[in-house]
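# Fold and contact review
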Amino acid sequence: MKPTFYITTPIYYVNDVPHIGHAYTTIACDALARYHRMKGQQVFFLTGTDEHGEKVQKSALQQGLAPRELADRVVTRFQGLTPALEITNDDFIRTTEPRHYASVQDLFRKSLGNGDIYLGEYEGWYCTPCESYWTDLQLVEGKCPECRRDVEKRKEPSFFFRLSKYRKPLLEYYERNPRFIRPESRRNEVIAFVEGGLNDLSVSRTSLSWGIPVPGHPGHVIYVWYDALTNYITGLGYPGGGETFDAFWPADLHMVGKDILRFHAVFWPAFLMSAGIAPPLGVFAHGWWTVEGQKMSKSLGNVVDPYEMVATYGADAFRYFLLREVPFGLDGDFSKKALVHRINSDLANDFGNLLNRALGMLGKYFGGAVPAPSPPGEEDLSLIALAGEVRRSVDAAMEEVEFHRALAAIWDLVKAANRYVDASAPWALARDASKRERLGTVLYNILEAARICVLLSSPFVPAAAQAMWEALGCQGEVAKAILSDAATWGGLRTGAELPRSAVAFPRIEA
Ligand SMILES: [Zn+2]
């Protein structure tokens, strides 16, 4: 296993406030960051905001603000997601920070120096919201192919990045690294796009001022995507990063929405190759959410506010729902009914009840003190074996970034433990004094199965997991437990005195 793990969210654009899409990407990255820490890896988890470009300049102008003032206002909404959603990012980068200017200009200068960036003139159809130029061929019915809005003809002197030169190196990189772009269907799309040929990319603008100046050419600012992508190395201290950079680069995973995959899987590795820096190891493109069956939009008034979700349902439940409901990589539909159903069924009934029943019986039959188990019988061994299998299934699913599968595996163990309670019927054993030892073993096994479920679920539902961890008499932070050690059967301390109940997942009344 690699000793380090570097994961990033895209940096979020400050012309809008956070919605479910931002929360989704950040939560997914957080679950992975937490999981890899529990595998014993040193993790660096970066998120931040993209604060330059025409859209921000325009939004600021409309609101009578300087672009920087707008950025300063909106950034707090994104920074606030960290505590609200229980996010464990190690740094938060803003592209308006001096460290980022130094990084972008250094990278740009490298490609300018070797001729991969050259001065030319650009003419094309420009879509302002997408900050993209399009050719005649790319337009769809005369409109922007990405957002279907009107485009305008524009011409300006521009620096170009020699992307055409990287067609072959990129295809070779995809070939050598079959897991670079995931999921597989997206990988095929990108390969087809690159095989079709690449045009040199305009990487500077003279038409706007809100951006990082091209070194030595003050009339030009660097194209916002070139600026934004570079955040991933700025975060590690590039260009002077030293040990941190060497330890964590290349990034293990850039998590992105499917709409920005091309920037990450084509442009970004090419920029890096040109500068003599290794490309990232992985880019994963996830899907989008509709809301109650409809496309989410401001005009429909159905934008899901993550802060409101946390206030109503709690961060754990919101996190669980987003990662459990839809296979990661596909599109999904967000509905309050489905969310409440998940909370009541999976969290409160299955998981919460398992712990509560166990604690209740432990209090009633053993005064709350965890009994030492006898050697396991046949009926115990299958539960113990399943705990080991689930641990391996979760690991395999997390390697594939399949959160829904990881959670389904954990819930297999939750459900098996509930069935074990019913089949072992501790209440019947308690009526027979000669079965006292067996009763103790059964209760130990229920609690131990619950402990392993808590451990494995903690990257997804961190606050509830910590509360349950403490209720089980386990010490320290569950988030700091190392799975190879802590997930082994038999880790529950005997003799510890546990509370009679713990409500980790309250039911939501309809
Ligand atoms: Zn557009």
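Refer to the structure above for everything that follows.
The sections below set out a description of the structure shown in this document. (Residues numbered from 1 in each chain as written. Predicted model: local features only at pLDDT ≥ 70, side-chain atom pairs only at ≥ 80, totals over all residues.)

### Here we look at the overall build of the chain
The number of helices and strands found in the chain is 20 helices and 17 strands. Its C-alpha radius of gyration of 26 Å places the chain within 12% of the 24 Å reference for a compact globule of 510 residues. Its C-alpha atoms put the chain at 90 × 45 × 40 Å along the principal axes. (Helix = DSSP H or I, 4+ residues; strand = E, 2+ residues; numbered from the N terminus. Rg over C-alpha atoms; globule rule 2.2 N^0.38 Å.)

### Some thoughts on helix α2 (residues 54–62)
When α2 is considered as a whole, its buried residues turn out to be Glu54, Lys55, Val56 and Ala60. Against β2 (12–13) and α3 (67–79) lie the buried residues of α2. Where α2 terminates, the next one or two residues include Gly64, which has phi positive at roughly 70 degrees. (Buried ≥ 20, exposed ≤ 12 C-beta atoms within 10 Å, placed from the backbone. Contact = placed C-beta atoms within 7 Å.)

### Considerations on the sheet that holds strand β10 (residues 204–205)
In any sheet, the strands associate via hydrogen bonds between backbone groups, in a parallel or an antiparallel arrangement. The three strands are arranged β10-β12-β11 in an open sheet whose pairing can be described as antiparallel. Across the chains shown, the open sheet's two edge strands, defined by having one partner strand only, are β10 and β11 (213–214). Relative to strand β12 (residues 217–222), β11 runs antiparallel, the two being bridged by two bridges. Bridge pairing links Pro213 to Val221 in β12. (Pairing = 2+ DSSP bridges.)

### Points about unusual backbone geometry
Here the amide bond leading from Arg182 into Pro183 is cis, since omega sits at -5 degrees, within 30 degrees of zero. By the secondary structure assignment, Pro183 is in the loop between β8 (181–182) and α7 (184–195). With an omega of 5 degrees, the peptide bond between Tyr238 and Pro239 qualifies as cis. Residues other than glycine seldom take positive phi values, yet Glu141 does so here, at roughly 50 degrees. Among the secondary structure elements, Glu141 is positioned in the loop between β6 (132–134) and β7 (152–161). Using a count of 6 C-beta atoms within 10 Å as the deciding quantity, one classes Glu141 as exposed.

### Topic: the sheet that holds strand β16 (residues 294–295)
A sheet is described by the order of its strands in space; here three strands give the open sequence β16-β15-β17, paired in mixed fashion. Across the chains shown, the open sheet's two edge strands, defined by having one partner strand only, are β16 and β17 (332–334). Pairing of strand β15 (residues 289–291) with β17, which is carried by three bridges, proceeds in the parallel orientation. Counted as the bridge partner of Trp289 is Gly332 from β17.

### Considering helix α1 (residues 20–38)
An ideal rise of 1.5 Å per residue puts 27 Å on 19 residues; α1 measures up with 27 Å between its terminal C-alpha atoms. Following α1 by one or two positions, Gly40 adopts a phi angle in the positive range, close to 95 degrees. (Expected span 1.5 Å × (residues − 1).)

### Examining the packing of helix α16 (residues 403–424) against helix α18 (residues 436–457)
Pairs of packed helices are described in terms of their axes, by the angle between the two and the distance that separates them. Close contact between α16 and α18 brings their axes to 10 Å; oriented N to C, the two are set at 165 degrees. Taken together, the axes of α16 and α18 are roughly antiparallel relative to one another. Once α16 is placed against α18, the crossing between them reads as left-handed. For the pair α16 and α18, contact is made by Ile410, Leu413, Val414, Ala417, Tyr420, Val421 and Ser424 and by Val442, Asn445, Ile446, Ala449, Ala450, Ile452, Cys453, Leu456 and Ser457, respectively. Of the residues contributing to the contact of α16 with α18, the split by class is 13 nonpolar, three polar and no charged. (Axes fitted to C-alpha atoms, helices over the stretch in contact; angles between N-to-C directions. Parallel < 35°, antiparallel > 145°, perpendicular 65-115°, else oblique. Left-handed = near helix turned anticlockwise from the far one by under 90°. Nonpolar A, V, L, I, M, F, W, Y, C, P; charged D, E, K, R; others polar.)

### Let's talk about the environment of Val104
Structurally, the position occupied by Val104 is in helix α5 (residues 98–113). According to the C-beta neighbour criterion, Val104 is buried, with 27 such atoms within 10 Å. Taking the C-alpha atoms as reference points, Val104 and Ile222, 118 residues apart in sequence, are found 8.5 Å from one another. The residues contacting Val104, other than those within four sequence positions of it, are Ile212, Ile222, Asp227 and Thr230.

### Brief notes about the pairing of strand β5 (residues 117–127)
With ten bridges connecting them, β5 and β7 associate as antiparallel partners. Bridged to Glu123 within β7 is Lys155. Two elements, β5 and β6, share three bridges in a ladder whose sense is antiparallel. Its bridge partner being in β6, Trp125 is matched across the sheet by Trp134. The turn linking β5 back onto β6 is made up of four residues, and Glu131 within it adopts a positive phi angle of 50 degrees.

### Quick look at the pairing of strand β3 (residues 42–50)
In terms of residue burial, β3 counts as a mostly covered element, since eight of its nine residues are buried. As paired elements, β2 and β3 share two bridges and run parallel to each other. Directly across from Tyr12, in β3, lies its bridge partner Thr49. Where β3 lies against strand β4 (residues 91–94), four bridges are found, and the strand directions are parallel. Paired with Thr49 across the bridge in β4 is Arg94.

### Considerations on the environment of His19
By the element assignment, His19 lies in the loop between β2 and α1. Judged by the 16 C-beta atoms lying within 10 Å of it, His19 is partly exposed. Each C-alpha atom of the pair His19 and Val303 lies 6.6 Å from the other, and the pair is 284 residues apart in sequence.

### Quick word on the packing of helix α14 (residues 336–366) against α18
Viewed as axis vectors pointing N to C, α14 and α18 meet at an angle of 150 degrees, and their least axial separation amounts to 10 Å. Relative to α18, the crossing made by α14 is left-handed. Residues Phe351, Leu354, Leu355, Ala358, Met361, Leu362, Tyr365 and Phe366 of α14 lie in contact with α18, whose contacting residues are Leu439, Leu443, Ile446, Leu447, Ala450 and Cys453. By residue class, the composition of the contact of α14 with α18 is 14 nonpolar, no polar and no charged.

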